[in-house]
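Chains, contacts and geometry: an overview
As a plain string of letters, each chain reads:
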Amino acid sequence: MTSSDTHAHPRFAEALRELGLQVEVRRFPDATRTAAEAAAAIGCDVSEIVKSLIFEADGEPVLVLMDGASRVDVELVRRELGASAVRRANADLVRETTGYAIGGVPPFGHRTRTRVLADRGVLEHAVVWAAAGTPHAVFPLDPKSLVAHAGATLVDVRERTA
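Residues numbered from 1 in each chain as written. Predicted model: local features only at pLDDT ≥ 70, side-chain atom pairs only at ≥ 80, totals over all residues. Heavy atoms only, no water.

The subject of this paragraph is the pairing of strand 5 (residues 115-119). Of all five residues in strand 5, four are buried; the element is thus mostly enclosed. In terms of strand pairing, strand 3 (residues 60-67) meets strand 5 through four bridges, oriented parallel. Within the sheet, the bridge partner assigned to Val62 lies in strand 5 and is Arg115. Bridge count between strand 5 and strand 8 (residues 153-155): three bridges; the pairing is parallel. Following the sheet pairing, Asp119 is matched in strand 8 by Val155. (Buried < 20%, exposed > 50% of the residue type's maximum accessible area, 1.4 Å probe, protein only. Helix = DSSP H or I, 4+ residues; strand = E, 2+ residues; numbered from the N terminus. Pairing = 2+ DSSP bridges.)

Moving on to the side chain of His110. Structurally, the position occupied by His110 is in the loop between helix 4 (91-98) and strand 5. In terms of polar contacts, His110 uses its side chain to reach the backbone carbonyl oxygen of Pro106, at 2.6 Å. (Polar contact = N/O pair within 3.5 Å; in protein donor to acceptor, adjacent residues only side chain to side chain.)

In this fold, Ser84 is placed in the loop between helix 3 (74-81) and strand 4 (86-88). For the pair Ser84 and Asp45, spaced 39 residues apart in the sequence, the C-alpha separation amounts to 35 Å. When residues no more than four places from it in sequence are discounted, the contact partners of Ser84 are Asp58 and Arg78. Within polar-contact distance, the side chain of Ser84 engages the side chain of Asp58 at 2.8 Å. (Contact = heavy atoms within 4.5 Å.)

Let's shift gears to the pattern of salt bridges. One pass over the structure, following the stated rule, counts nine salt bridges. Close ionic contact of Arg26 with Glu24 constitutes a salt bridge, the shortest N to O distance being 3.5 Å. In this structure Glu24 comes out as partly exposed when scored by relative accessible area, which is 28%. Note that Glu75 and Arg78 form a salt bridge whose closest N and O atoms lie 2.7 Å from each other. Of the two residues, Glu75 and Arg78 both sit in helix 3, three residues apart, roughly one turn of that helix. The partly exposed category is assigned to Arg78, whose relative accessible area is 25%. By sharing partners, the salt bridges in this structure join Glu75, Arg78 and Arg79 into a single network. (Salt bridge = Lys/Arg side-chain N within 4 Å of Asp/Glu carboxyl O.)

See below:
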């Protein structure tokens, strides 16, 4: 594992350079496609993983950043956006919007600019890990910087467990 961005997806590596961000991109031989896989590979708690999830709100893509231990409450996202309908985006829309495949979508460095919501839960750790553009690569960053670079609005859209 090196401290270069050569393990990142080229588009994401370029985004890091444009933002002037120096992060250690770690590549793993096994996929880190899910939050649980990423946490196991890194050796951190699953809540320290930030998932970058694309939803469709009234036909428009929206990115939701959520901690790996939680699920997005689609109804809360709908209310937050004032949309009439919100659903999980399909793989084609995710790739079209972000330029990345599901399981490797980073929190920023996307093909298109979208509205970004970040659940407040991502701020609960000193460092969080997110995908670096491929299902095999992740990077650490402090959550406030991650939210800022993603251009996210902080919201409460986490599913509440009974």
